[in-house]
Amino acid sequence: MSKKNFTPSFTTAALHADRKDKPEHGVLHKAIHTSVAFGYDDARELAAVFQGKKSGYAYGRQSNPTVEALARKVTQMEQGVSSVCFATGMAAIGSSLIALLRAGDHIVSSSFLFGNTNSLFATLQTFGIGVTFVDATAAANVAAAIQPNTRLVFVETIANPVTQICDLEGIGKLCAERKLVYFVDNTMTSPWLFVPKAVGASLVINALTKYIGGHGNALGGCVTDTGLYDWRGFGNIYDNYKNVDPTLWGITQIRKKGLRDFGAALAPESAHHLSVGADTLGLRMDKSCANAQAVAEFCSKHPKVSKVFYPGLPTHPQHARAKALFKNFGALMSIELIDGVDCFDFLNALELVVCSSNLGDTRTLGIPVAHTIYWEMGAQRRASMGVGDSMVRLSIGIEDTADLLADFTHALA
Ligand SMILES: *Cc1c(COP(=O)(O)O)cnc(C)c1O
């Protein structure tokens, strides 16, 4: 698989996306349309919009022009065919899965998973959807977990917080062979570093809250259909959503059922913030990745740091895979401190790094994971995910590199 699977004109295309839509007054940003309802002079036209015979807007929970402009921008970045935005990344994952799955279905999931997705999968199990967690760094483990009722395989690109990288290519081939939906959470890499379509993904999730929005000022999520999956082989599509090209059956059901039933629509104001942020995704990620590499190399040589988990280090178990698949190694890392160095004291000694739970912000953020975001899941599951008690997760931002290194030098001294 070629490494350069990103679109060469990525940033240019993002910057000019809204303008291409010939917006009112030649504005360069799609306007923030706050209207919930849309009026029609011809009642027949409204009926046609409702029946999916004509494109148009009917009610703000189902679609909005500002939100659609953002969805098109993400579709372009992911080289997909269609996207649906949601209020948060979790809303995108939860609404998509519930729109597509039924009781009695089964999912195979990577066990190295964002904590809230892990929590969602526990909830799905109480509603009769089976979930088998496997070490997805080897596709053979996924293959061994497939059952006759398996519908979907769910993985993340770089797992949080230990940065494991699944066998994205091998699982893609497996899903194609077994006609399974391949659902990839691309949040940690973003379409700037990796386009999951290149390894056969069917659906791609991006928490827009993180790198795509990038500034920690708006929540949002998006699911993109890559166009690779033939939904005629997926038994759960309702007849109502089969009046379009079969490539679009899945995303149509997600748009209709996902947004209608759960109502987690993205607000137009948030869509505007996220869209402005998306313009500079490539520039921000390049800087964050360069900073992350510098911090990881610094920490890996520091006597008070016992472990560094970062795909950009040659010692990382999937370093070669990351190098082959991604444009860079990401901006998320975790470190463990030697015995006797307290992770709370370390975080408190950092002056620049903000002690905070978000990631993918322009500012560098750090958090003691075992005691916060992974607290509720318990010690056993934490251990199975490789989360140690002194682990600090770092989401590296775009600060000037020397300032960051000075902050770490001082805090570890
Ligand atoms: C943050 C995150 C999500 C959820 O996004 P929200 O907008 O916070 O709901 C999903 N997946 C990954 C990998 C994330 O980091």
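Residues numbered from 1 in each chain as written. Predicted model: local features only at pLDDT ≥ 70, side-chain atom pairs only at ≥ 80, totals over all residues. Heavy atoms only, no water.

Student: Outline unusual backbone geometry, supporting the account with residue identities and numerical values.
Tutor: For residues besides glycine, phi is generally negative; the peptide bonds are generally trans as well. Following Asn-160, the chain continues to Pro-161 via a peptide bond in cis, the omega torsion being 0°. Within the fold, Pro-161 resides in the loop between strand 4 (150-156) and helix 8 (168-178). Positive phi, normally seen in glycine, also occurs at His-25, with a value near 60°. Mapped onto the secondary structure, His-25 falls in the loop between helix 2 (17-20) and helix 3 (43-50). Positive phi, normally seen in glycine, also occurs at Gln-79, with a value near 55°. Within the secondary structure, Gln-79 sits in the loop between helix 4 (65-77) and strand 1 (82-86). Of the residues examined, Gln-79 reaches a relative accessible area of 29% and is grouped as partly exposed. (Helix = DSSP H or I, 4+ residues; strand = E, 2+ residues; numbered from the N terminus. Buried < 20%, exposed > 50% of the residue type's maximum accessible area, 1.4 Å probe, protein only.)

Student: Before we move on, can you summarise the packing of aromatic side chains with the specific residues and values?
Tutor: Counted by the stated rule, this structure contains 11 aromatic pairs. Between the aromatic rings of Phe-154 and Phe-183, the centroid separation amounts to 5.3 Å while the plane-to-plane angle is 35°, which identifies the pairing as tilted. Highlighted residues: Phe-154 in strand 4 and Phe-183 in strand 5 (residues 181-185), separated in sequence by 29 residues. Given the relative accessible area of 0%, Phe-154 is considered buried. Here Phe-183 falls in the buried class, since its relative accessible area comes to 0%. (Phe/Tyr/Trp six-rings, centres within 6.5 Å; stacked < 30°, edge-to-face > 60°.)

Student: Describe in detail the sheet that holds strand 12 (residues 391-395), supporting the description with residues and values.
Tutor: Whenever strands of a sheet pair, they do so through backbone hydrogen bonds, lying parallel or antiparallel. Reading across from one edge, 8-9-12-11-10 is the order of the 5 strands in this open sheet, with mixed pairing throughout. Both edges of this open sheet fall to strand 8 (305-309) and strand 10 (354-355), since each of them pairs with a single strand only. Bridge count for strand 8 against strand 9 (residues 332-337) is 4 bridges, and the pairing is antiparallel. Each residue of the ladder has a partner; that of Phe-309, found in strand 9, is Ser-334. (Pairing = 2+ DSSP bridges.)

Student: Just give me the short version of the nonpolar core, but keep the residues and values in it.
Tutor: Core analysis: the largest hydrophobic core is formed by 76 residues, its most contacted members being Val-155, Leu-168, Ile-171, Tyr-182, Ile-335, Phe-346 and Phe-408. With 7 residues, the top contributor of residues to this core is helix 12 (residues 281-300). Excluding residues that lie within four positions of it along the chain, Ile-335 makes contacts with Cys-299, Val-305, Lys-307, Val-308, Phe-346, Ser-390, Met-391, Val-392 and Leu-394. Listed in part, the 33 residues of the second largest apolar core include Phe-86, Ala-99, Leu-152 and Trp-231. (Core = buried A, V, L, I, M, F, W, Y, C linked by side-chain atoms within 4.5 Å. Contact = heavy atoms within 4.5 Å.)

Student: Give a detailed account of the pairing of strand 9, specifying residues and quantitative values.
Tutor: Taken across its 6 residues, strand 9 has 6 buried, putting it largely inside the fold. Here strand 9 shows no split at all, with Leu-332, Ser-334 and Glu-336 on one side and Met-333, Ile-335 and Leu-337 on the other all buried. Pairing between strand 9 and strand 12: 5 bridges, direction antiparallel. Directly across from Ser-334, in strand 12, lies its bridge partner Arg-393.

Student: Could you give me a rundown of the pairing of strand 6 (residues 203-207), with the residues and numbers involved?
Tutor: The buried fraction of strand 6 amounts to 5 of the 5 residues, a majority that puts the element mostly inside the structure. Side-chain alternation along strand 6 places Leu-203, Ile-205 and Ala-207 on one buried face and Val-204 and Asn-206 on a second face that is also buried. In terms of strand pairing, strand 5 meets strand 6 through 3 bridges, oriented parallel. Across the sheet, Phe-183 pairs through a bridge with Leu-203, a residue of strand 6. Relative to strand 7 (residues 221-225), strand 6 runs antiparallel, the two sharing 5 bridges. Paired with Ala-207 across the bridge in strand 7 is Gly-221.

Student: Requested: an account of the sheet that holds strand 1, with residues and values cited.
Tutor: Reading across the sheet, the 7 strands line up as 1-7-6-5-4-2-3 and stay open at both edges, with mixed pairing between neighbours. Strands with a single pairing partner mark the edges of an open sheet, and in this sheet they are strand 1 and strand 3 (130-134). Taken pair by pair, the neighbouring strands of this sheet meet at an average axis angle of 20°, ignoring direction. In this sheet, strand 3 lies alongside strand 2 (residues 106-110) in parallel orientation, the contact comprising 5 bridges. Opposite Val-108, over in strand 3, you have Thr-132 as the bridge partner. Sheet strands touched by helix 4: strand 1, strand 6 and strand 7. Its angle to strand 1, the strand with the most contacts, is close to 130°. Sheet contacts for helix 10 (residues 249-262): strand 1, strand 6 and strand 7; angle to strand 1, the most-contacted strand, approximately 20°. (Axes fitted to C-alpha atoms, helices over the stretch in contact; angles between N-to-C directions.)

Student: So, the site of the ligand: which residues are in play, and what are the values?
Tutor: Near the ligand, the surroundings consist of Thr-88, Gly-89, Met-90, Ile-93, Phe-114, Asp-185, Thr-187, Met-188, Ala-207, Thr-209, Lys-210 and Gly-220. Burial of the ligand by the protein chains amounts to 93% of its free accessible area of 380 Å². Here the shell around the ligand takes 3 residues from helix 5 (residues 89-100), the largest share from any one element. Here the residues of the shell around the ligand sort into 5 nonpolar, 5 polar and 2 charged. (Near = heavy atom within 4 Å. Areas by Shrake-Rupley, 256 points an atom, 1.4 Å probe, with all protein chains shown as cover. Nonpolar A, V, L, I, M, F, W, Y, C, P; charged D, E, K, R; others polar.)

Student: Just give me the short version of the state of the cysteines, but keep the residues and values in it.
Tutor: Each disulfide consists of a covalent bond between the sulfur atoms of two cysteine residues. Counted under the stated rule, the structure contains 0 disulfides. With no disulfide of its own, Cys-289 has Cys-299 as its nearest cysteine by sulfur position, at a separation of 16 Å. Cys-289 sits in the buried class, given a relative accessible area of 0%. (Disulfide = S-S within 2.5 Å.)

Fair warning: the whole summary comes from geometry, so function is off the table for now.
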